[in-house]
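# Inside the fold
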Amino acid sequence: MKIKVSIRRRLVLSLVLLAIVPLLLLGTLLSWQSYVIQQRQIIELQNEKAGRALVQINSTIYGLEKALYNALNIYLNILDSDISKQRRVLSELLSLRDEKGTSVFNELTLIDALGQELARESRTSIITPDELVSRATSEEFTAPLSSRKTYFGPVFIDGKTGVPVMLLSVPVIDVRSDTVRGVLVAEMKMKFMWDIVDKINVGESGLVYIVDTTGRVIVHPNPSVVLKETYYDVNIRSGTGTGLDGGKAVLTHDTLQLGNRHLHVMTEVPLEIALRNTYTSLLTIFVFLVLALTGSIYLGFIIVRKVIRPVESLAETAKAISSGDISRRSDISGNDELGALSDSFNLMTGRLAETITSLKSEIAAKEAAEKKIRLAYEEWQRTFDSISQPVSIHDREYRIIRANRAFADFFKLSYRELLGKKCFELFHCSNGPIAGCPHRKTLDTGLNSSEELFEPTLDKHLRHTTSPILDDNGDITGSVHIAEDITERKHTEEKIIASLKEKEVLLKEVHHRVKNNMQVISSLLNLQARQISDKQYADLFNESRNRIASMSLVHEKLYNSRDLAHVDFKDYVHTLVNGLSASYGAASSRVFLTMLIENITLSIDTAIPCGLIINELVSNSLKYAFPEDKKGELKIVLEKADSDEDRHYYNLIISDNGIGIPEDIDIRKTKSLGLQLVSNLVEHQLQGNITLDRSGGTLFHITFRELKYKNRI
Amino acid sequence: MHRDSLILSTIISVILLPLLILLSPSESFSEHTKGKTYLTGIIRPNVKLQNIVDGFKAGMELYGFREGENISYIQTNDISDIDSVVEKMIEMKVDLIFTMTADTTRKTLKKLAGRPVPVIFGGIYDPIASGIVKSLSVPGDNVTGVMIGGSTEKAFEWLLKAVPHAKKIYVPFSSESDTVAICMSVLKKSAEKSRVELMTSKTDTLHELTVALASIPGKADAIFIPNSPFLITNLETIIKFAAEHKLPTGSGTGQYKNGIMITYGQDHFYTGKIASRLASSVLHDRIPAASLPVETTEYFLGINLQTATTVGITVPDSILQQASFIVR
């Protein structure tokens, strides 16, 4: 199965969404807030420092102004003093120094109301009176003269030292006349401002510096910056910008207003320093983020290594196993749940392999069995289909659940079309079982059933044979139905029957004609006998006639019986003996005839000799046993004695209580034709035995068995 | 190592490496000197200039260079063989050489030619005129320092203010240094402005100096000592002679502590401190010396009242009030 969304990808997404993204958002927010706050704070700090610088510078300048004014106040008439005094005053003022001991004035000049220098003192030069000039047109003179206020001149650079200086001129006012009588011009070194800004700490490495209107840096904690003639863009205002050294810095701008002059007071803190806390915050956040990221990655890696990979390995192993490689085993080891899972998985796989092996064996056995069954079934099916008769299996509801090919061919339907159809619908085109339905009989009786039926719709004679199908409980679940087409046989039978009937008629006709012929012979003999006067000869003729009659009677009985091959011998004997009794007239009337004849049928081959024997012995008894009108009894017994194979043994006993046969007469050697005939018929034709008992008359006991029919053609 | 562990270690290393780089100490302004001990060579040509050295060291300490901790000094006072001295300092891999006087600095620079060792000088009268630097704002040649010249004219005036009656001023000079010539030129101009007469004599040896001094009594009203290493070295001789002959002394050298009655010029200690700031910029801020403008020292009025008393001069209060230093 293809994995659409892997656990690994979900894990990474989860880590990103749950750990990294929130951290990034939080970090960005905090960083931005920190940046804004830090920048605002540093600007406020710088403004404060700039303000402090302004205050100190203003204070110092105010002090210098005051010093100048004080000197003028002390020396009220300085303008009127001699030059030496004026120079001394100026020299004293030149000695003014700032807190650091740095001189603040380079030069001082006293100018009268007309603009003429009265005295000038320098820190480096000797100024002779010849060097004094008129400065009547100079601004540092005219400005304070007219305004009566301190004048601040432009900043310029001392050519000898490179130090920026500014002219500071104050009016010399006569308090009595309240007129400006002159001007004191001081060349003020800006150096003292260097010391002021040097003392102002703006953060760790921030600084305050002052730029004049031309952009030149004139005040800086580091004199080198000033002396190097550094310029700066005075248009830069507060905020983040380019610092004096070209680097990024947080800048503030303020204005130092000195009378009519103004200077730009700048503070700057390197951006790196100003935002150090921000950077620290950022760094902290970044460190936290990196650690979290590292932790997340490590955690993810651990999870991947300890969980995902084993799971994937297990999945891969399971996939391989599902693909058929049941020899695959999970190689995950450990004491954790996954290790236990792996062990269980391997154990399960092992057992599965064993089960599969077992199943394979079973399947192989089953397949072999199924193959056998299939072969058996196929064999059975072939056998089933090879049965020429339509064979089908029906359930209890008369539905056909199986049928052979002959059955399908018989109805010209496919096997599938046959299944489920009711048998009576197919065979009889009826809506229900017909009368005499063999299937019903089998269902009712549990026995085989057979019925020959003519199916008008099929125009066939069918022999329906059903055999019950029993389940394990012996209950009938259906039957096997064999439909044998016996139409041809039926037709043959009909022909045979017809032929038999015809032959029977012919045979009857033959028997009738034989009987008629014999009767003709008998009649002829009778007629002949009547013409013979000698009784002895006449009797011979009569005896012959009786013998022929007995044979004729057989043929008569045959053509009158249903069975042309057998004679109802009881009826025959009665007819024969009664006929003999009638033939012998008075002699027979004294003899009491007793006939104990069982219902026996004999074939013509047995019946004719047997009839001749009875004819001879009865005739002999009637003729000779009771001479002289003697009465007596004649008894004829015919019974079945025993059976051997398919033939029966019979006992024929003919006895009388007459005078008996003389002892000296041997029935086998006697000249009497009758007795010779009996003896020959019994022993040679019937292959029986004959005994003669002379103790109480005459008793012939003949034992014979029915002769087998011999083909005569 | 297990393959997975190797991969994990690699991933974590890749992630943490930038972090470690970020967290690693950057070479910041204050930290790049941490743990490093700088070696600074000091060439002091004259014991009278020791205050400059002291001021230099004191200033260096103010800027965070504490001797024995992060800076050590090797100082030589023997300038007889500057080449050897500089060679030795180069061998010792000094980070900076602090010199004094134009001649010493020039010789040092000559020996260092092509060597990346910055030189800070602590008191040269006119470094441009002496050929030490090309200009004050951009010195060039890996050298900068503190200029002390510019006060001679005013110093001459202060002497005259203290000794108003002086009409003849004796000025010894030596030919050892061009600084002296410059100084003499200024003095001549100053004398003219002040309408006094200068008496000069070339004294390149102590003997010459002794002879020259011996010739001035009754002829000169005061002695002005120009910026000359030779004269400073033999300052005691001059001072002693001046005291013996009641001659007031003046100078622009700032050697009031060593007996000169009135001086107007550098304060050696102050000069040394200014030089230390430049040295700090070189060592600490890594600013090439060549780009550090030469600074001019501050001039102070110093008065040695002992000497004044010795020579019988009463310094007016108006002058004393303007003095920055007074030796009483």
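Residues numbered from 1 in each chain as written. Chains lettered and ligands numbered in written order. Predicted model: local features only at pLDDT ≥ 70, side-chain atom pairs only at ≥ 80, totals over all residues.

### What about the overall build of chain A?
Our working definition: Secondary structure elements follow DSSP: runs of H or I of four or more residues count as helices, runs of E of two or more count as strands, with numbering from the N terminus. Exposed residues have 12 or fewer other C-beta atoms within 10 Å of their own C-beta, buried residues have 20 or more, and residues in between are partly exposed; the C-beta atoms are placed from the backbone. By the criterion used throughout, residues are in contact when their C-beta atoms, derived from the backbone, lie within 7 Å.
Within chain A one finds 18 helices and 22 strands. Counting only residues that meet the buried cut, chain A has 34% of its 713 residues in that class. At a minimum sequence separation of 6, the contacts of chain A that also span at least 24 residues come to 57%.

### Notes on the interface of chain A and chain B
It is common to report an interface's size as the accessible area lost on association of the parts. Going by this rule: Classification used: nonpolar for Ala, Val, Leu, Ile, Met, Phe, Trp, Tyr, Cys and Pro, charged for Asp, Glu, Lys and Arg, polar for all others including Gly.
Contact residues are listed per partner, giving 30 residues for chain A and 30 residues for chain B. Elements with a minimum of two residues in the side of chain A that touches chain B: α2 (83–94), α5 (223–227) and α7 (276–322) of chain A. Considering each element in turn, the side of chain A that touches chain B owes the most residues, nine residues, to α7(A). For the side of chain A that touches chain B, a count of residues per class yields 10 nonpolar, 13 polar and seven charged.

### Description of the packing of helix α1 (residues 7–74) of chain A against helix α4 (residues 191–199) of chain A
Residues and elements named next belong to chain A. To keep it simple, the criterion reads: Only the contacting stretch of a helix is used when fitting its axis, a line to C-alpha atoms as for every element, and angles between N-to-C directions run 0 to 180 degrees. For any pair of crossing helices, the crossing counts as left-handed if the nearer helix is rotated counterclockwise from the farther one by less than a right angle, and right-handed if it is rotated clockwise.
Running from N to C, α1 and α4 cross one another at 145°; their axes reach a closest spacing of 10 Å. Here α1 runs over α4; the crossing is right-handed. For the pair α1 and α4, the contacting residues are Ala53, Gln56, Ile57 and Thr60 in the first and Phe192, Met193, Ile196 and Val197 in the second. Residue composition of the contact of α1 with α4, grouped by class: six nonpolar, two polar and no charged.

### Digging into the packing of helix α5 (residues 152–162) of chain B against helix α6 (residues 178–194) of chain B
The geometry of a pair of packed helices is captured by two quantities: the angle between their axes and the separation between those axes. Residue and element names in this part refer to chain B. Quick note on the threshold: Roughly parallel covers angles under 35 degrees, roughly antiparallel covers those over 145, roughly perpendicular covers 65 to 115, and oblique covers all other angles.
For the pair α5 and α6, interaxial distance at closest approach is 9 Å and the crossing angle is 45°. For the element pair α5 / α6, the angle class is oblique. For α5 against α6, the interelement crossing comes out right-handed. In this structure, α5 contributes Thr152, Glu153, Phe156, Glu157 and Leu160 to the contact, and α6 contributes Cys183, Val186, Leu187, Ser190 and Ser194.

### Comments concerning the nonpolar core
A general feature of soluble globular proteins is that nonpolar side chains tend to end up buried together. As a reminder, the rule being used: Nonpolar cores are built from buried Ala, Val, Leu, Ile, Met, Phe, Trp, Tyr and Cys residues. These are joined into a set through C-beta atoms within 7 Å. Start and end points for every domain follow an automatic or database-based domain assignment.
Counting residues in each nonpolar core, the largest one holds 92 residues, and the members touching the most others are Ile120(B), Leu159(B) and Ile169(B). Per-element tally for this core: the top contributor is helix α10 (residues 268–283) of chain B, with seven residues. Both domains that furnish three or more residues to this core are identified here as domain 1 (38–148 + 267–297) and domain 2 (152–265 + 301–327) of chain B. Excluding its chain neighbours within four sequence positions, the residues that come into contact with Ile169(B) are Ala191(B), Val196(B), Leu198(B), Met199(B), Ala220(B), Asp221(B), Ala222(B) and Phe224(B). Formed by 70 residues, the second largest nonpolar core is a distinct cluster that contains Leu68(A), Phe141(A), Phe192(A) and Leu256(A).

### Points about the environment of Val53(B)
All names here are of chain B. With respect to the secondary-structure elements, valine 53 resides in helix α2 (residues 50–62). The exposure class of valine 53 is buried, given the 23 C-beta atoms found within 10 Å. Once the C-alpha coordinates of valine 53 and threonine 99 are considered, the two residues, 46 residues apart in sequence, prove to be 9.1 Å apart. With residues up to four places along the chain from it excluded, the contact list for valine 53 reads Ile42, Arg44, Gln75 and Gly272.

### A few points about helix α12 (residues 438–445) of chain A
Every α-helical turn comprises 3.6 residues, leaving residues that sit three or four positions apart pointing alike. Residues and elements named next belong to chain A. Inspection of α12 places Pro438, His439, Lys441, Thr442 and Leu443 among the buried residues, and these make up the whole buried set. Elements that come into contact with the buried residues of α12 comprise β11 (391–395), α11 (423–427), β13 (449–455), β14 (460–470) and β15 (476–485). Phi turns positive, to about 75°, at glycine 446, one or two residues after α12.

### Here's the deal with the sheet that holds strand β5 (residues 143–147) of chain B
Residue and element names in this part refer to chain B. Inclusion rule: Pairing between strands requires that DSSP locate at least two bridges from one strand to the other.
Spatial ordering of the open sheet is given by β2-β1-β3-β4-β5-β11, a layout of six strands whose pairing is parallel. The open sheet has two free edges, formed respectively by β2 (71–76) and β11 (295–296), since each of these has just one partner strand. Summarising the sheet, strand β4 (residues 119–124) and β5 pair through four bridges and their orientation is parallel. Along β5, the bridge assignment pairs phenylalanine 121 with glycine 145. In this fold helix α3 (residues 82–91) packs onto β1 (38–43), β2 and β3 (96–99), with an angle of close to 175° to the strand it touches most, β1.

### A few points about the sheet that holds strand β8 (residues 222–225) of chain B
Residues and elements named next belong to chain B. With mixed pairing, seven strands are arranged side by side in an open sheet as β7-β6-β8-β9-β10-β12-β13. Edge positions in the sheet fall to β7 (197–202) and β13 (325–327), since each of these pairs with one other strand and no more. With strand direction ignored, the average angle separating the axes of adjacent strands in the sheet is 20°. Relative to strand β12 (residues 300–304), strand β10 (residues 262–265) runs antiparallel, the two being bridged by four bridges. Bridge assignment links glycine 265 to a residue of β12, and that residue is phenylalanine 300.

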